[in-house]
Amino acid sequence: MKICLSCTIPTVRMDAREVHRQATSWISLLLPAHEEFQNWWVVPDGPKDPFVPLGDAETVISSIQSSDRAFYREFPDAESDGSTGVLLTNAGSEKQWRERGKVFLSIKPTLGRVTLEISRLEEIYASPGALVWSLLKGLSSDARVTFANTNVMQNVAGELLLYSYSRAVYKHREFLGWMGYVDSPILPGQLPDSAILESQRGGTLILATELLDLADPRMVEQVNRVEMSLAELGLLPVIDPTAM
């Protein structure tokens, strides 16, 4: 199983130095979740490039600037909104990266997204649900986060399925997936099918189901019911009006 925990934040223009500062801030929110999330490196651009520790500020800033220049050379017509962001991992080598579940933390301020990916979740971590819940609580504790969701990718009968594409209710709205956050208070009676509701920052953390197995129709149906209730409450944003 692979999960993708994505947080929506306001879009903002930043230079490379500010991106590094923000990356350090986001990382601090993940530290309590697990010992393997204590140290972070910039993902190398190529196989011969080194893993640069996030703590090496000047080297990291130089790496971000180099990636930005490469992006704008490749896409000269792209409007310059500052740095394109940074991609981090909690491993200092490719071997360690594979062993720890190929973790990626993508921080894209100009796109308004912070995204955490973890592969082989159930193989590596003893309590995968508790881990992802803790990571969600950490990231969504930042006051800039207005919405968060958790996508699941899973091999089912030889077919690679993605919840948002193969199992979600709506094509024109955001999805919640396994768990997420909305910036509005929700009473238990408003979302009766959810497994857990927890207040945070005036908003609500939502665990749709204790486990999301895409091969189990009952689990998928429970998540779908939660998403339908959120849509009725006006808490699943429309992302593609043409698909309505």
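Per-chain numbering applies: the sequence of each chain, read as written, is numbered from 1 onward. In keeping with the predicted nature of the model, local features appear solely for residues at pLDDT of at least 70, side-chain atom pairs appear and are counted solely at 80 or more, and the whole-chain, interface and lining totals rest on all residues. Where side-chain values are given, they derive from all heavy atoms of the structure, hydrogens and water being excluded.

Moving on to the overall build of the chain. Secondary structure summary: the chain contains 7 helices and 11 strands in total. Relative to the globule expectation of 18 Å for 244 residues, the C-alpha radius of gyration of the chain, 18 Å, shows essentially globular dimensions. Exposure classes here rest on a 1.4 Å probe applied to the protein chains alone. A residue is buried below 20% of its type maximum, exposed above 50%, and partly exposed in between. Counting the 244 residues in the chain, one finds 45% classified as buried. Two residues qualify as a contact provided that any one of their heavy atoms is within 4.5 Å of a heavy atom in the partner residue. Here the analysis covers contacts within the chain between residues at least 6 apart in sequence; of these, 65% occur between residues at least 24 apart. For the chain, the computed accessible surface area is about 12,000 Å², with 52% contributed by carbon and sulfur atoms. Charged residues are defined here as Lys and Arg on the positive side and Asp and Glu on the negative side; His and the ends of the chain fall outside this count. Lysine's charge is taken at NZ, arginine's at CZ, aspartate's at CG and glutamate's at CD. Taken as two groups, the 22 positive and 31 negative side-chain charges of the chain have centres that lie 3 Å from each other. Strands are runs of DSSP state E lasting at least two residues, helices are runs of H or I lasting at least four, and both sets are numbered from the N terminus onward. As defined in this context, the radius of gyration uses C-alpha atoms, and a globule is described by 2.2 Å times the residue total to the power 0.38. Note on areas: Shrake-Rupley with a 1.4 Å probe; residue coverage comes only from the protein chains shown.

The next point concerns helix α7 (residues 217-232). Spanning 16 residues, α7 covers 22 Å between terminal C-alpha atoms, matching the ideal 22 Å at 1.5 Å per step. Restricting attention to buried positions, one finds in α7 the residues V220, V223, N224, V226, E227, S229, L230 and A231. Structurally, α7 contributes buried residues whose contacts are with α6 (163-167) and β11 (203-207). Backbone geometry just downstream of α7 places G234 in the positive-phi region, at approximately 75°. Helix span, expected: 1.5 Å multiplied by one less than the number of residues in the helix.

To continue, consider the nonpolar core. We call a set of buried Ala, Val, Leu, Ile, Met, Phe, Trp, Tyr and Cys residues a nonpolar core when their side-chain atoms join them within 4.5 Å. The biggest cluster of nonpolar side chains holds 66 residues, and the ones touching the most others in it are W40, L88 and W178. Other than its neighbours up to four places away in sequence, L88 contacts A23, I27, W40, W41, V42, V43, L54, V103, F104, L105 and I107.

A few words on the pairing of β11. β11 sits mainly inside the fold: 5 of its 5 residues count as buried. Side-chain alternation along β11 places G203, L205 and L207 on one buried face and T204 and I206 on a second face that is also buried. A pair of strands is labelled paired if DSSP reports no fewer than 2 bridges between them. In this sheet, β11 lies alongside strand β9 (residues 179-182) in antiparallel orientation, the contact comprising 4 bridges. Following the sheet pairing, Y181 is matched in β11 by L205. By the bridge criterion, 5 bridges tie strand β10 (residues 196-200) to β11 in an arrangement that is antiparallel. Its bridge partner lying in β11, L197 is registered against I206.

On to the layout of surface pockets, then. A 1.4 Å probe that fits into a set of points on a 1 Å grid over the protein atoms alone but cannot get out defines a cavity; an open set with protein on both sides within 12 Å along at least five of seven lines defines a pocket, and lining residues are those with an atom within 4 Å of a point. Grid points are joined across faces, edges and corners, and a volume is the space filled by probe spheres set on the points. Reported here for the largest pocket is a volume of approximately 210 Å³. Taken together, V42, V43, P44, D45, S63, I64, S67, T84, G85, V86, L87 and K108 make up the full set of residues lining the largest pocket. Only α2 (57-74) and β4 (86-89) provide two or more residues apiece to the lining of the largest pocket. Among the elements that take part in the lining of the largest pocket, α2 stands out by supplying 3 residues, more than any other. Per-class residue counts for the lining of the largest pocket are 6 nonpolar, 4 polar and 2 charged. Surrounding the second largest pocket, V43, P44, D45, G46, P47, D49, F51, E94, W97 and F104 form its lining. Following the grouping adopted for this structure description, the nonpolar residues are Ala, Val, Leu, Ile, Met, Phe, Trp, Tyr, Cys and Pro, the charged ones are Asp, Glu, Lys and Arg, and the polar ones are all others, Gly among them. Partitioning the lining of the second largest pocket into residue classes produces 6 nonpolar, 1 polar and 3 charged.

With that settled, the discussion passes to the side chain of Q200. Secondary-structure assignment places Q200 in strand β10. The exposure class assigned to Q200 is buried, which follows from its relative accessible area of 13%. Dropping the residues within four chain positions of it, Q200 is found in contact with K137, S140, S141, Y181 and L205.

Attention now moves to unusual backbone geometry. In this structure, R120 takes a positive phi of about 50° despite not being glycine. R120 sits in the partly exposed class, given a relative accessible area of 34%. With a phi close to 55°, R201 is a non-glycine residue in the positive phi region. Summarising the element assignment, R201 is placed in the loop between β10 and β11.

Stacked, edge-to-face and tilted are the three classes for Phe, Tyr and Trp ring pairs, Trp counted by its six-membered ring, which pair at centre distances within 6.5 Å; planes under 30 degrees apart are stacked, over 60 edge-to-face, the rest tilted. The tally for this structure, following the rule as stated, stands at 6 aromatic pairs. Ring plane angle 85° and centroid distance 5.1 Å describe the contact between F71 and Y72, whose orientation is recorded as edge-to-face. On the basis of relative accessible area, Y72 is assigned to the partly exposed category, the value being 21%. Centre to centre, the rings of Y163 and F175 are 6.2 Å apart; their planes meet at 55°, and the pair counts as tilted. Of the two residues, Y163 is situated in helix α6 and F175 in the loop between α6 and β9; the sequence distance between them amounts to 12 residues. Residue classification places F175 among the buried residues on the basis of a relative accessible area of 13%. Members of the aromatic cluster, connected to one another through ring pairs, are F37, W40 and Y125. Residue placement shows K171 over the ring face of Y165; its charged tip is 5.4 Å from the ring centre. Only Lys NZ and Arg CZ are tested; either one counts as a charge over a ring when it is within 6 Å of the ring centre and within 35 degrees of the ring normal. Its end group placed over the ring of Y170, R173 keeps NZ or CZ at 5.7 Å from the ring centre.

These values are about where atoms sit, not about what they do.
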